[in-house]
Amino acid sequence: MNYMLLIYTDEASWTDGEREDCYQESIALTHQLKKEGKYRAASPLHSVTTATSVRVRDGKRQVTDGPFAETREQLGGYFIVDAADLDEALKIAERIPGARKGTVEVRPVLELVGLPQA
Amino acid sequence: MNSIETIRQAVDDVYRVESRRVFATLVRLLGDFDLAEDVLHEAFAAALQQWQQTGVPENPRAWLVSTGKFKAVDVIRRRSKFDSMKEEVARPDHDAEPQPGNEQDIEDDRLRLIFTCCHPALAGNVQVALTLREVCGLTTEEIARAFLTNPATMAQRIVRGKAKIRDAKIPYEVPGAADLPDRIDSVLQVTYLVFNEGYAASSGETVTRHDLSEEAIRLGWVLVELMPVPEVMGLLALMLLQESRRSARATADGEIILLEQQDRQLWNRDQIRQGKELLTRSLGTRRFGPYTVQAAIAAAHADAPTAAETDWGQIVALYDVLQQLTPSPIVALNRAVAVTMRDGPAAGLALVDEILAEPELAEYHLAHAARADIYRRLGKTAEAINSYQRALELARQEPERRFLEKRLRELAHAAG
């Protein structure tokens, strides 16, 4: 069974140096997990300022800037997709059934060199 | 042969006409807004030097694009980032005389830039700031001044927008046919927002900030040239027809003059003619939308030789169409005012009372001002004073406040 671990922190509380250290420490952790046979996938995301939210209401797509932050709904699943650009990613997001009831937050994954193969 | 002054003038002229086109093409070639902006300025600096020797080239735009690309290679080398982009940019033809660019490509680049800056994945205020900065070429300080924000905040907004375009990979392209109608909407919304901020600033000392309206109209002409579809023509028609009344809308010392009292000799006939031509073209397609209908309402006012001869019946009918296309309490309020003029204040009062009973416009100063005006027409002075006072409490724009105060003084005087 796979788990997706979502890390919530205040982005503004990190210095660039701390963030870099965190990446290195996380990479080390993924290698340990890999040895233990527990590693599937890991990646930081680009800053929340790059987030775009998609909803489909009455068959019509609504795209807005920013993260999804409605406290009454919780994370219910995720997709990781390979898209050429944001427009393609939004088109895929629109097809996800959850977009018709809730909101799909689209966040570009930050490429981090040094992670192990799953 | 070419004096420095002559060349400087020529470069200035080329800058005014071509700089944003050159910029749009450089963004496509380099994939980087900041790099494109830097090398745009380097290319113009190079033009100033080199054209003194060689004269102005036959196709200055192609020369500037080519020089900009060349400068970009320098910058990238300096950054010593040898990635694939450098290879691609470094390849072209810098020894050869630059080929005249394909006109269609360059026009497409401008459209690409507009659609990128107005992408719905960017927040509304970021779309506006980016469009004015990148498409219209206004400085961050100019935009900040127009929107009464400090330059640091505005700069941050622009930086955030450009970072999101880069990091989230917002594509630099004109949307496909299936997405176009939705995406044109956001481009038109941004353009109209810029126009309105210049036409009726939401707060502050002066009624209008002329330069922003001019910028929006300029953008409107670019859009009509690039996408002559009904609502694009409708929006430009609307902006021209509203702008035509500018010099009649306020006294020399900035006091508001209502449509009814305006000196129609001051209306700009040229803009009215251009607006009505565009309106006719848009209506002829029979696929027009709300901007075209609003332009038709503005044209009905423009056609009336005097306020008394306004065709209020036609205006009410147009508001009915608008209410169907985009139902909103603001449209309902404007329709109520038109009904007041067509059927008398008693009919209008019933409609305005209905609108004010709903929560949406209960705090909207113009709704209370409309009710006050109807009471004034009915001769109900006490009620009129009450409503004007309520409007005054809610109004934030200085000339509007002074107008309401003036009405209050007149009524108090009449009441003795």
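Residues numbered from 1 in each chain as written. Chains lettered and ligands numbered in written order. Predicted model: local features only at pLDDT ≥ 70, side-chain atom pairs only at ≥ 80, totals over all residues. Heavy atoms only, no water.

Trainee: Summarise the overall build of chain A; cite the residues concerned and give the values.
Mentor: Helix and strand content of chain A: two helices and three strands. Taken from N to C terminus, the helices and strands of chain A fall in the order α-β-β-α-β. For chain A, buried positions account for 25% of its 118 residues. (Helix = DSSP H or I, 4+ residues; strand = E, 2+ residues; numbered from the N terminus. Buried < 20%, exposed > 50% of the residue type's maximum accessible area, 1.4 Å probe, protein only.)

Trainee: So what about helix α2 (residues 33–54) of chain B? Which residues, and what values?
Mentor: Residues three or four positions apart in an α-helix share a direction because the helix packs 3.6 residues into each turn. Residues and elements named next belong to chain B. In a regular helix each residue adds 1.5 Å, so 22 residues correspond to 32 Å; α2 covers 30 Å between its end C-alpha atoms and thus fits that length. Within α2, the axis deviates most sharply at Leu48, by approximately 30 degrees. Here α2 has its buried residues at Phe33, Leu35, Ala36, Glu37, Val39, Leu40, Ala43, Phe44, Ala46, Ala47 and Trp51. Measuring from the backbone nitrogen of Asp34 back to the side-chain oxygen at the start of α2 gives 3.0 Å, which picks out Asp32 as the cap. (Expected span 1.5 Å × (residues − 1). Bend = angle between axes of the 7 residues up to and from the residue. Polar contact = N/O pair within 3.5 Å; in protein donor to acceptor, adjacent residues only side chain to side chain.)

Trainee: Mind laying out the packing of helix α6 (residues 124–135) of chain B against helix α9 (residues 180–199) of chain B, listing which residues take part and the relevant values?
Mentor: Residues and elements named next belong to chain B. It is at 10 Å that the axes of α6 and α9 come closest, and there the two elements cross at 80 degrees. Taken together, the axes of α6 and α9 lie roughly perpendicular to each other. Seen from α6, the contacting residues are Gln127, Val128, Thr131 and Leu132; seen from α9, they are Ser186, Val190, Leu193 and Val194. (Axes fitted to C-alpha atoms, helices over the stretch in contact; angles between N-to-C directions. Parallel < 35°, antiparallel > 145°, perpendicular 65-115°, else oblique. Contact = heavy atoms within 4.5 Å.)

Trainee: Could you give an account of a negative patch on the surface, naming the residues involved and the relevant values?
Mentor: Residues Glu18, Glu20, Asp21 and Glu25 of chain A make up a contiguous surface patch of negative charge. Tracing the backbone shows Asp21 of chain A in helix α1 (residues 16–35). (Patch = residues over 30% accessible without salt bridge, like charges linked within 9 Å, V, L, I, M, F, W, Y side chains within 5 Å. Areas by Shrake-Rupley, 256 points an atom, 1.4 Å probe, with all protein chains shown as cover. Salt bridge = Lys/Arg side-chain N within 4 Å of Asp/Glu carboxyl O. Lys, Arg positive; Asp, Glu negative; His and termini not counted. Charge placed at Lys NZ, Arg CZ, Asp CG, Glu CD.)

Trainee: Give me the lowdown on the interface of chain A and chain B, citing residues and values where you can.
Mentor: Contacts between chain A and chain B engage 17 residues on the former and 16 residues on the latter. Here chain A packs against chain B, burying approximately 1,200 Å² in sum over the two surfaces, 51% of which is carbon and sulfur. On the chain A side of the interface with chain B, the three residues burying the most area are Asp65, Leu86 and Asp87 of chain A, jointly 36% of the side's total. Inspection of the region where chain A meets chain B yields four salt bridges. Note that Lys91 of chain A is salt-bridged to Asp179 of chain B, the shortest N-O span being 2.6 Å. Seen at the junction of chain A and chain B, the total is eight residue pairs in polar contact (both at pLDDT 80 or more). (Buried area = accessible area lost by both parts, 1.4 Å probe.)

Trainee: Break down the sheet that holds strand β2 (residues 60–65) of chain A for me, citing the residues and quoting the values.
Mentor: Residue and element names in this part refer to chain A. If you trace the three strands from one edge of the open sheet to the other, you get β2-β1-β3, paired in antiparallel fashion. Edge positions in the sheet fall to β2 and β3 (104–106), since each has one partner strand and no second. Strand-to-strand, the axes of this sheet are offset by a mean angle of 25 degrees, without reference to chain direction. (Pairing = 2+ DSSP bridges.)

Trainee: I'd like to hear about the packing of aromatic side chains, residue by residue, with values.
Mentor: Residues and elements named next belong to chain B. Counted by the stated rule, this structure contains six aromatic pairs over all chains. Judged by centre distance (6.2 Å) and plane angle (70 degrees), the rings of Phe23 and Phe33 are edge-to-face. Of this pair, Phe23 sits in helix α1 (residues 4–30) while Phe33 sits in helix α2; the two residues are ten residues apart in sequence, bridging distant segments of the chain. Pairing Tyr192 with Tyr291 gives two aromatic rings, centres 5.6 Å apart and planes at 80 degrees, and the pair type is edge-to-face. Placement of Tyr192 in helix α9 and of Tyr291 in helix α13 (residues 290–303) is noted, with a sequence separation of 99 residues between them. No difference in accessibility class separates Tyr192 from Tyr291, as the two residues are buried. Ring pairs connect the aromatic residues Phe23, Phe33 and Tyr172, which therefore count as one cluster. (Phe/Tyr/Trp six-rings, centres within 6.5 Å; stacked < 30°, edge-to-face > 60°.)

Trainee: A description of the packing of α2 of chain B against helix α3 (residues 60–78) of chain B should follow, citing residues and the corresponding values.
Mentor: All names here are of chain B. Packing of α2 against α3 brings their axes to within 8 Å, and their N-to-C directions diverge by 120 degrees. Classified by the angle their axes make, α2 and α3 are oblique. Once α2 is placed against α3, the crossing between them reads as right-handed. Within the contact between the two elements, α2 uses Leu35, Val39, Glu42, Ala43, Phe44, Ala46, Ala47, Gln50 and Trp51 and α3 uses Pro60, Trp63, Leu64, Thr67, Gly68, Lys71, Ala72, Val75, Ile76 and Arg78. Of the residues that constitute the contact of α2 with α3, the class distribution is 13 nonpolar, three polar and three charged. (Left-handed = near helix turned anticlockwise from the far one by under 90°. Nonpolar A, V, L, I, M, F, W, Y, C, P; charged D, E, K, R; others polar.)

Trainee: Hey, could you go over empty space enclosed by the protein for me, with residue numbers and the actual values?
Mentor: It is the rolling of a water-molecule-sized probe over the atoms that shows where space remains empty. According to the stated counting rule, one finds one cavity of 30 Å³ or more in the structure shown. Of the pockets and cavities examined, the largest cavity occupies roughly 30 Å³. Arg61, Asp87 and Lys91 of chain A together with Asp179 and Arg183 of chain B are the residues that line the largest cavity. Among the residues forming the lining of the largest cavity, the class breakdown is no nonpolar, no polar and five charged. (1 Å grid on protein atoms, 1.4 Å probe; cavity = no way out; pocket = protein on both sides within 12 Å on 5 of 7 lines; lining within 4 Å. Points joined across faces, edges and corners; volume = space filled by probe spheres on them.)

Trainee: Tell me what's going on with the pattern of salt bridges, and back it up with residues and numbers.
Mentor: Here the structure, examined in full by the defined rule, presents 34 salt bridges over all chains. Here Asp65 of chain A and Lys164 of chain B are joined by a salt bridge, their closest N and O atoms 2.9 Å apart. Of this pair, Asp65 of chain A sits in strand β2 while Lys164 of chain B sits in helix α8 (residues 151–167), on two different chains. Taking the relative accessible area as the measure of exposure, Lys164 of chain B reaches 2% and is therefore buried. Each of Glu260, Asp373, Arg376, Arg377, Arg407 and Glu410 of chain B takes part in one network of salt bridges that share partners.

Trainee: How would you explain the nonpolar core if you had to name every residue and give the values?
Mentor: The nonpolar side chains of a soluble globular protein tend to be buried with one another. All names here are of chain B. Formed by 112 residues in total, the largest nonpolar core has its most connected members in Leu64, Leu132 and Leu223. Here the element with the most residues in this core is α2; it accounts for ten residues. Those residues in contact with Leu64, other than ones at most four positions away along the chain, are Val14, Val22, Ala43, Phe44, Ala47 and Trp51. Judged by nonpolar contacts, the second largest core, of 23 residues, contains Leu333, Ala372, Ile374 and Ala384. (Core = buried A, V, L, I, M, F, W, Y, C linked by side-chain atoms within 4.5 Å.)

Trainee: Can you break down unusual backbone geometry residue by residue, with the values?
Mentor: Despite not being glycine, Asp58 of chain A shows a phi value in the positive range, around 50 degrees. With respect to the helices and strands, the residue Asp58 of chain A is situated in the loop between β1 (52–57) and β2. In this structure, Arg286 of chain B takes a positive phi of about 60 degrees despite not being glycine. Residue placement: Arg286 of chain B occurs in the loop between α12 (269–285) and α13.

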